[in-house]
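# A closer look at the structure
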Amino acid sequence: MSKEELKIVSDSKISKKIKKGDALFREGEKLDGVFCVRDGVSKLSKLSGNGKDQIVRLASKGEVMGQRAVIAEESTNLSAIAVSDMKVCFIPKEVISNTLDRNPNFAVEVLRHMAHDLREADDVIVNMSQKTVKQRMAEAFLYLKKNYGEDTEGYLTLVLSREDYSNVVGTATESCIRIISEFKKKGLIKTSGKKIGVADERKLLDLIEGF
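Residues numbered from 1 in each chain as written. Predicted model: local features only at pLDDT ≥ 70, side-chain atom pairs only at ≥ 80, totals over all residues. Heavy atoms only, no water.

## Re the sheet that holds strand β6 (residues 64–65)
Rules: The pairing criterion for strands is at least two bridges between them, as found by DSSP. Going along the chain from the N terminus, every DSSP run of H or I of four or more residues is numbered as a helix, and every run of E of two or more is numbered as a strand.
The strand order across the open sheet built from four strands is β1-β8-β3-β6, with neighbouring strands paired in antiparallel fashion. Of all the strands in the sheet, the pair left with one neighbour each is β1 (14–18) and β6. Direction of pairing for strand β3 (residues 33–39) relative to β6: antiparallel, over a ladder of two bridges. Bridge pairing in β6 places cysteine 36 opposite valine 64.

Below, the structure written as structure tokens:
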């Protein structure tokens, strides 16, 4: 973007604070703009036919949400719910559309981002079809450790509910709880209330690889 275009975006953006558990948008809504994450984490999920949420991905600092629905002028096919307190910027649809019309370099960059999202969606589909629930759980713990880090006691910084974990890996909450208990007994993870920590990364990797 040129300086002038950046100024237009900057002048039009609206800063918002979103509390943990609140929705930025719901599946089926028409969006009037896109959300840029400044701080915190949101889960993007889709409601399945049996009424269960499937978490497609997590969006954190620097990521954009809602751009596909805005550009395609369609209702959004995902819901975005804050899993921690968040600070976001809202950029109106008209500003995005006008910049896309005038700036081909910006349009190409947006397409790259959307292509990346599609690639991630493909990976999710492959994981769901080819890996066991235990392998997907192990991957989830290592993903959260790598991307969001640990606290001083070695627990994952991003605290998800057991229901959220089940929605990430695509299983029943009861199954998720049993697997967490099994992983803890085997020394793969440690727990303290809702908090979970990676205790043996090597064994989790071996599990993912099928050893």
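## A look at the domain arrangement of the protein chain
The test is simple: Just so you know, the domain bounds were taken from an automatic or database domain assignment. By definition, residues are in contact when any of their heavy atoms lie within 4.5 Å. We define buried area as the total accessible area lost by two parts upon association, computed with a 1.4 Å probe and summed across both. By definition here, a salt bridge exists when the distance from a side-chain nitrogen of Lys or Arg to a carboxyl oxygen of Asp or Glu is within 4 Å. Counted as a polar contact is a pair of N or O atoms within 3.5 Å, where, for protein atoms, one must be capable of donating a hydrogen and the other of accepting one, and residues adjacent in sequence contribute only when both atoms are in side chains.
Domains assigned within the protein chain are domain 1 (3–120) and domain 2 (131–209). Taken together, the contacts link nine residues of domain 1 with 13 residues of domain 2. It is Lys52, Ile55 and Leu58 that lose the most area in domain 1 upon contact with domain 2, and together they represent 51% of the buried surface on that side. Run the count over domain 1 and domain 2 and you get one salt bridge. For the salt bridge of aspartate 164 with lysine 43, the shortest nitrogen-to-oxygen distance reads 2.6 Å. For the interface between domain 1 and domain 2, the tally reads four residue pairs in polar contact (both at pLDDT 80 or more). When residues in the side of domain 1 that touches domain 2 are grouped by element, the largest group, four residues, is from strand β5 (residues 53–59).

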